[in-house]
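Residue-level structure breakdown
What follows is each chain in one-letter form.
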Amino acid sequence: YLQARFSYVRMKYLFFSWLVVFVGSWIIYVQYSTYTELCRGKDCKKIICDKYKTGVIDGPACNSLCVTETLYFGKCLSTKPNNQMYLGIWDNLPGVVKCQMEQALHLDFGTELEPRKEIVLFDKPTRGTTVQKFKEMVYSLFKAKLGDQGNLSELVNLILTVADGDKDGQVSLGEAKSAWALLQLNEFLLMVILQDKEHTPKLMGFCGDLYVMESVEYTSLYGISLPWVIELFIPSGFRRSMDQLFTPSWPRKAKIAIGLLEFVEDVFHGPYGNFLMCDTSAKNLGYNDKYDLKMVDMRKIVPETNLKELIKDRHCESDLDCVYGTDCRTSCDQNTMKCTSEVIQPNLAKACQLLKDYLLRGAPVEIREELEKQLYSCIALKVTANQMEMEHSLILNNLKTLLWKKISYTNDS
């Protein structure tokens, strides 16, 4: 009996040992496969540097990336193979390097999403294009993306200043090609438009359509970063509870929230039109060591005019077919079976939805009831409401005032 029992235990031990080895090997294989698919920094660098060395493109980051190699890629942050993102170091300064691979998708005004093939990348402007002609090209692009704004000429001049990477007072053909490719990307355009705003990361440089932006110390409003293998086994409800436990103190959360409200102000009917936040998730927001909010990813913040052109007349069966990103939703006209162009929820309502649990947990007792009331009024905002702009400004200012009043005399302010 003892011998049989020993054999059974040994077989059970061997079986579980084999199972652990098998599962561990599978996890390592999947992780390696995922990493090699998502993280293609070498391919990105090769494409950019080949173009630079043949004189096709130019920019302030090109020499550091391709010749002196003082700009290099660190930890991979990519979540999609065609949107490469890395922590980087450029002349001992930390930054975030973003590169669009040849299969990347981009919003092309007046059309559906189209593949952006590397074979036609950097094809404009062509040799012989004058500076005046290039300015006209940029102006036409902005008019299609941003609408008929009266001050687009100012923005064109601003773009030419940014495009002049070596600051010699002239825009070379290589610099113009880089600038044109970058202007197809909403995040780059927004960084230029909001370059003087506190909550927009600073542009450090570019080469082709690769660009380097200011890094942010904390890259999510919530929680702790766990290996993806562990994330697989954590229930979503328990993960949300963990997120809430690892947030900063409430006064610091209030300061971060004020930063988000200020950013919503920056993109709401700014100097060059209204921009829509189409992915208001915590992973796209970060903050620095002073608890000032910094945007981490602005690729899904798009010009309203551009989005309307993209989504209108799209065939739909229900409202679920009329969504861009995760948060820009229009309705489906059941008579025509086409999407309407009017987005249902304004940026502020989406920001308040994100901040509701973040701010209410741990809120001081004396303001909790008023804070909850204002947040729910904010979430209820609709674009189609009468006097929406007035309500938007009133609610936003009331929220900021309530939060600032509570933290203005603390060290966290």
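Within each chain, residue numbers correspond to sequence positions counted from 1 in written order. The model is predicted, so local features are restricted to residues of pLDDT at least 70 and side-chain atom pairs to those at 80 or more, both for listing and for counting; the totals for chains, interfaces and linings are taken over all residues. For side-chain calculations, the full set of non-hydrogen atoms in the structure is used, while hydrogens and water are omitted.

As a reminder of what qualifies: UniProt positions are given in the numbering used here, feature names are shortened, and annotations may be inferred rather than shown by experiment.
The name given to the protein in an unreviewed UniProt entry is FAM69 N-terminal domain-containing protein, with the source organism recorded as Sousa chinensis. Per UniProt, the protein has the following entry under Subcellular location (unreviewed entry): "Endoplasmic reticulum membrane". Taken directly from UniProt, the Sequence similarities (unreviewed entry) text for the protein runs: "Belongs to the DIPK family."

As for the pairing of strand 2 (residues 83-90)
Formally: Only protein chains enter the accessibility calculation, which uses a 1.4 Å probe; a residue whose area is less than 20% of its type maximum is buried, one above 50% is exposed, and one in between is partly exposed. Only runs of H or I of at least four residues qualify as helices and only runs of E of at least two qualify as strands under DSSP, and these elements are numbered from the N terminus. Only when DSSP finds a minimum of two bridges between them are two strands counted as paired.
Burial within strand 2 is extensive, with six of its eight residues counted as buried. Judged from the four bridges that link them, strand 1 (residues 71-76) and strand 2 form a sheet pairing that is antiparallel. Across the sheet, the residue bridging to Phe73 is Gly88, located in strand 2. Linking strand 1 back to strand 2 in an antiparallel pair, the connection comprises six residues. Both strand 2 and strand 3 (residues 93-100) contribute to a ladder of eight bridges, which runs antiparallel. When the bridges of strand 3 are listed, Leu87 appears paired with Val96. Connecting strand 2 to the antiparallel partner strand 3 that follows it, the hairpin turn spans two residues, and Asp91 within it adopts a positive phi of roughly 50°.

Notes on a nonpolar patch on the surface
For the record, the criterion: A patch consists of residues exposed above 30% relative accessible area that lack any salt bridge, with like charges linked at up to 9 Å and nonpolar side chains (Val, Leu, Ile, Met, Phe, Trp, Tyr) linked at up to 5 Å. Computed by Shrake-Rupley with a 1.4 Å probe, the accessible areas treat only the displayed protein chains as cover when residues are assessed. One speaks of a salt bridge when a side-chain nitrogen belonging to Lys or Arg is within 4 Å of a carboxyl oxygen belonging to Asp or Glu.
A grouping of Met11, Tyr13 and Leu14 is seen on the molecular surface, where their side chains present a nonpolar patch of about 370 Å² in accessible area. Note that Leu14 resides in helix 1 (residues 2-38). By relative accessible area, Leu14 is classed as partly exposed at 47%.

A look at the sheet that holds strand 6 (residues 203-207)
Stated precisely, the cut-off is as follows: Here an axis means a line fitted to C-alpha atoms, over the contact stretch when the element is a helix, while the angle between two N-to-C directions is reported on a 0 to 180 degree scale.
Spatially, 1-2-3-7-6 is the arrangement adopted by the five strands of the open sheet, whose pairing is antiparallel. Bordering the open sheet on either side are strand 1 and strand 6, each of which pairs with just one other strand. Averaged over all pairs of adjacent strands, the angle between their axes in this sheet comes to 30°, without regard to strand direction.

Describing the confidence of the model for the protein
Just so we agree on the cut-off: Per-residue confidence from the predictor is reported as pLDDT, a score between 0 and 100. Working rule for contacts: check all heavy atoms of both residues, and any pair within 4.5 Å makes them a contact.
Across the protein, the average pLDDT comes to 84, with 82% of residues at or above 70. The low-confidence segment residues 28-35 (pLDDT under 50) makes three contacts with residues lying over four places distant or belonging to another chain.

Some thoughts on unusual backbone geometry
A cis amide bond links Lys124 with the next residue in sequence, Pro125, at an omega value of -10°. Within the chain, Asp91 stands out as a residue other than glycine whose phi angle is a positive 50°. Tracing the chain through its elements places Asp91 in the loop between strand 2 and strand 3. Assessed through its relative accessible area of 46%, Asp91 is described here as partly exposed. Residue Lys167 is not a glycine yet carries a positive backbone phi of 55°. Summarising the element assignment, Lys167 is placed in the loop between helix 5 (152-163) and helix 6 (173-183). Taking the relative accessible area as the measure of exposure, Lys167 reaches 58% and is therefore exposed.

Describing the pattern of salt bridges
Considering all chains together, one arrives at 14 salt bridges under this definition. The partner of Lys45 in a salt bridge is Glu69, with the nearest N and O atoms 3.8 Å apart. Of the two residues, Lys45 is situated in helix 2 (residues 41-53) and Glu69 in the loop between helix 3 (62-66) and strand 1; the sequence distance between them amounts to 24 residues. Between Lys356 and Asp357 there is a salt bridge, and its shortest N-O distance comes to 3.1 Å.

Looking at the nonpolar core
Heads up, the condition is: Among buried residues, those of type Ala, Val, Leu, Ile, Met, Phe, Trp, Tyr and Cys that are joined through side-chain atoms within 4.5 Å constitute a nonpolar core. Throughout, the edges of the domains are those of an automatic or database domain assignment.
Ranked by internal contacts, the top residues of the largest apolar core, which has 76 residues, are Phe142, Leu221, Trp250, Phe263, Leu348, Leu371 and Leu403. Take this core: its biggest share by element is ten residues, from helix 10 (residues 250-267). Counting residues domain by domain, this core receives three or more from each of domain 1 (40-102 + 123-214) and domain 2 (248-408). When residues no more than four places from it in sequence are discounted, the contact partners of Leu221 are Thr247, Pro248, Ile256, Ala282, Leu285, Tyr287, Leu293, Leu354 and Tyr358. Cys44, Cys49, Leu121 and Phe122 belong to the second-largest nonpolar core, a separate cluster that totals 19 residues.

Concerning the environment of Ser140
Structurally, the position occupied by Ser140 is in helix 4 (residues 131-146). In this structure, the C-alpha to C-alpha distance between Ser140 and Leu152, residues twelve residues apart in sequence, is 9.4 Å.

Thoughts on the environment of Met295
By the element assignment, Met295 lies in strand 10 (residues 293-295). On a C-alpha basis, the gap between Met295 and Thr200 in space is 5.8 Å, while along the polypeptide they are 95 residues apart. If sequence neighbours within four positions are ignored, Met295 has contacts with His199, Pro201, Val216, Phe263, Asn284, Leu285 and Ile301.

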